[in-house]
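Descriptive structure summary
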Amino acid sequence: MPNQTLPPFLMTSDAGSFARHTIVERKPQILRQVIADNGYSPKVNAALDTFRDEIASQPMQPLSEPATDVIFWNTELSHFTGRTWLEVPWYFAETYFYRKLLEVTGYFQPGERQGRDPFEKQKLRQIESDIQKLAIEWEELSALEAGTRFEALLHSCLWGNRADLSNFTVKEKGRGGLAAHEERHLILIDHTEAIRELLSSGAIRIDFICDNVGSDLLFDLALTDFLLEQGWVGKIHLNLKNQPFFVSDAMPKDVMLTIELLKKSPEAAIQDWGRRLERNLAAGHLVLETDPFWTTCLMFRQMPEHLRQSLAHSKVVLIKGDVNYRRLLDDRAWPHTTRMEDICSYFPARFVTLRTLKGEIMVGLEPGQAEEIQAEDPTWLINGKRGVIQLVIPQESN
């Protein structure tokens, strides 16, 4: 935004903040779970314990392994030389944590641990559990009229993101997804009808910038299946993570695993859904994409030109989750009444944010709205109770 002083980044040094809590409480808990799940050697477990000690009280240490991205990360870290994990921008601390975890566990190095996802077991448990839950509701969903089914799926794409495996603070309230229609009043910005009109008028291509495995990804795949089967969209690109990130973020292998598990479901209708997804993959109607950008500390404003050009071909980009929302807004503490269109004029296409609130950042509200919610619910920004379904048309993509 030209000619305007930018608000500060969300910082891990902010006393009493959720950002600080994620480093002090969540990250050590994630490391303990990684140790419990993976059966690593005593040497690796000791290195994970050393990493936990560094997070607790020591300056952030550079990467030391031979890997293609080490120069990038160490250059970014050099801006914070000598600082501890509680003295840096929140998003940098979080992303660097996941990259350093991969170094400690040997993800990029030759040997038996190369390419081994330290979150694999957690992801599998989540996927299997959520497929079983969705199977209970699938018949009800399939019987709905097309317009009603679209609304149910779009809202489920929102509420399916309510809790993820990296976030031990958000407490799920209810089952989310299809069971959450009565929670529509908790959607602070709701552009469902405008999005329906945009998509039902036909699109050659749309994109998802995906977030988590489990119910989050399942509802993305359910909406994808609906849009392709209805003929509203010709091709759908899923933009996924290229390596493990934020515990439960979806990679192409997680999509393929999910489709295989759908095909093995005891429910015939779920099997059929899995086979349709498989056919659409083979036919090129469903495309799985990755790019190293998605797992960096860079904001969407810093998106490389080849990604900008690719997304510019999309009629609309569905951007999932809290972290992606933060990246849209540079992870800065904007006033709650700031227009997202003004901040995100850089984005190469119109987009929809589907985000449950799990971070201390929110824009696009009416004057006084944030204060009213704060008086009613002091933890509204982080407790995952509320969400947004917001269609944004950046000035540059008009």
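Residues numbered from 1 in each chain as written. Predicted model: local features only at pLDDT ≥ 70, side-chain atom pairs only at ≥ 80, totals over all residues. Heavy atoms only, no water.

Topic: the pairing of strand β6 (residues 351-356)
The condition that has to hold: Accessible area is worked out with a 1.4 Å probe on protein chains only. A residue is then buried under 20% of its type maximum, exposed over 50%, and partly exposed in between. Numbering of helices and strands starts at the N terminus; helices are DSSP runs of H or I of at least 4 residues and strands are runs of E of at least 2. Two strands pair if DSSP finds at least two bridges between them.
Among the 6 residues in β6, 6 count as buried, and that is most of the element. Judged by which residues are buried, β6 turns out to be covered on both faces: Phe351, Thr353 and Arg355 on one side and Val352, Leu354 and Thr356 on the other are all buried. Pairing geometry for strand β5 (residues 317-320) and β6, over 4 bridges, is parallel. Bridging from a neighbouring strand, Val317 pairs with Phe351 of β6. Pairing geometry for β6 and strand β7 (residues 387-392), over 6 bridges, is antiparallel. Within β7, the position partnered with Thr353 by the bridge is Gln390.

Things to note about the nonpolar core
Our working definition: The criterion is simple. A nonpolar core is a set of buried Ala, Val, Leu, Ile, Met, Phe, Trp, Tyr and Cys residues joined through side-chain atoms within 4.5 Å. Here, two residues are considered to be in contact whenever any of their heavy atoms come within 4.5 Å of each other.
Phe150, Leu199, Ile206, Leu223, Leu227, Ile236 and Trp273 are the most contacted members of the largest nonpolar core, which totals 51 residues. It is helix α8 (residues 215-230) that contributes the most residues to this core, 9 residues altogether. Among residues more than four places away in sequence, those in contact with Phe150 are Thr192, Ile195, Arg196, Leu199, Leu223, Phe226, Leu227 and Trp232. In terms of nonpolar packing, the next biggest core, distinct from the first, is built from 39 residues, Val317, Met340, Val363 and Ile382 among them.

Some thoughts on the packing of helix α3 (residues 70-77) against helix α4 (residues 90-104)
Going by this rule: Helix axes use the C-alpha atoms of the stretch in contact, all axes being lines fitted to C-alpha atoms, and the angles between their N-to-C directions lie in the range 0 to 180 degrees. The crossing is said to be left-handed when, going from far helix to near helix, the turn is anticlockwise and less than a right angle, and right-handed when the turn is clockwise. Three residue categories are used. Nonpolar comprises Ala, Val, Leu, Ile, Met, Phe, Trp, Tyr, Cys and Pro, charged comprises Asp, Glu, Lys and Arg, and polar comprises the others, including Gly.
Running from amino to carboxyl end, α3 crosses α4 at an angle of 145 degrees, the nearest separation of the two axes being 12 Å. You can see that α3 and α4 cross each other, and the crossing is left-handed. Contact with α3, carried on its side by Val70, Trp73, Asn74, Glu76 and Leu77, involves Phe92, Thr95, Tyr96 and Arg99 of α4 and no other residues of that element. Its residues assigned to classes, the contact of α3 with α4 comprises 5 nonpolar, 2 polar and 2 charged.

Describing the packing of aromatic side chains
When we look at a pair of aromatic rings, we describe it by the centre distance and by the angle of the planes. We apply this condition: Two rings from Phe, Tyr or Trp (for Trp, the six-membered ring) form a pair when their centres are within 6.5 Å of each other. A pair whose planes differ by under 30 degrees is stacked, one over 60 is edge-to-face, and the rest are tilted. Whether a charge sits over a ring depends on NZ of Lys or CZ of Arg being within 6 Å of the ring centre and within 35 degrees of the ring normal.
Following the criterion strictly, the structure yields 25 aromatic pairs and no others. Ring centres of Phe80 and Phe92 lie 5.1 Å apart, and the angle between their planes is 45 degrees; this geometry places the pair in the tilted category. In this pair, Phe80 sits in the loop between α3 and α4 while Phe92 sits in helix α4, placing the two residues 12 residues apart along the sequence. Residue Phe80 shares its accessibility class with Phe92, and that shared class is buried. Residues Phe300 and Phe347 carry aromatic rings whose centres are separated by 6.5 Å and whose planes lie at 45 degrees to one another, so their mutual orientation is tilted. Placement of the pair is Phe300 in the loop between β4 (286-290) and α11 (305-311) and Phe347 in the loop between α13 (340-343) and β6, with a sequence separation of 47 residues. Judged by relative accessible area, which is 1%, Phe300 ranks as buried. Among the residues examined, Phe347 registers a relative accessible area of 1% and is labelled buried. Directly above the aromatic system of Phe97 lies the positively charged group of Lys27, at a separation of 5.6 Å from the ring centroid. The residue whose ring lies beneath Arg326 is Trp90, and the NZ or CZ to ring-centre distance is 3.5 Å.

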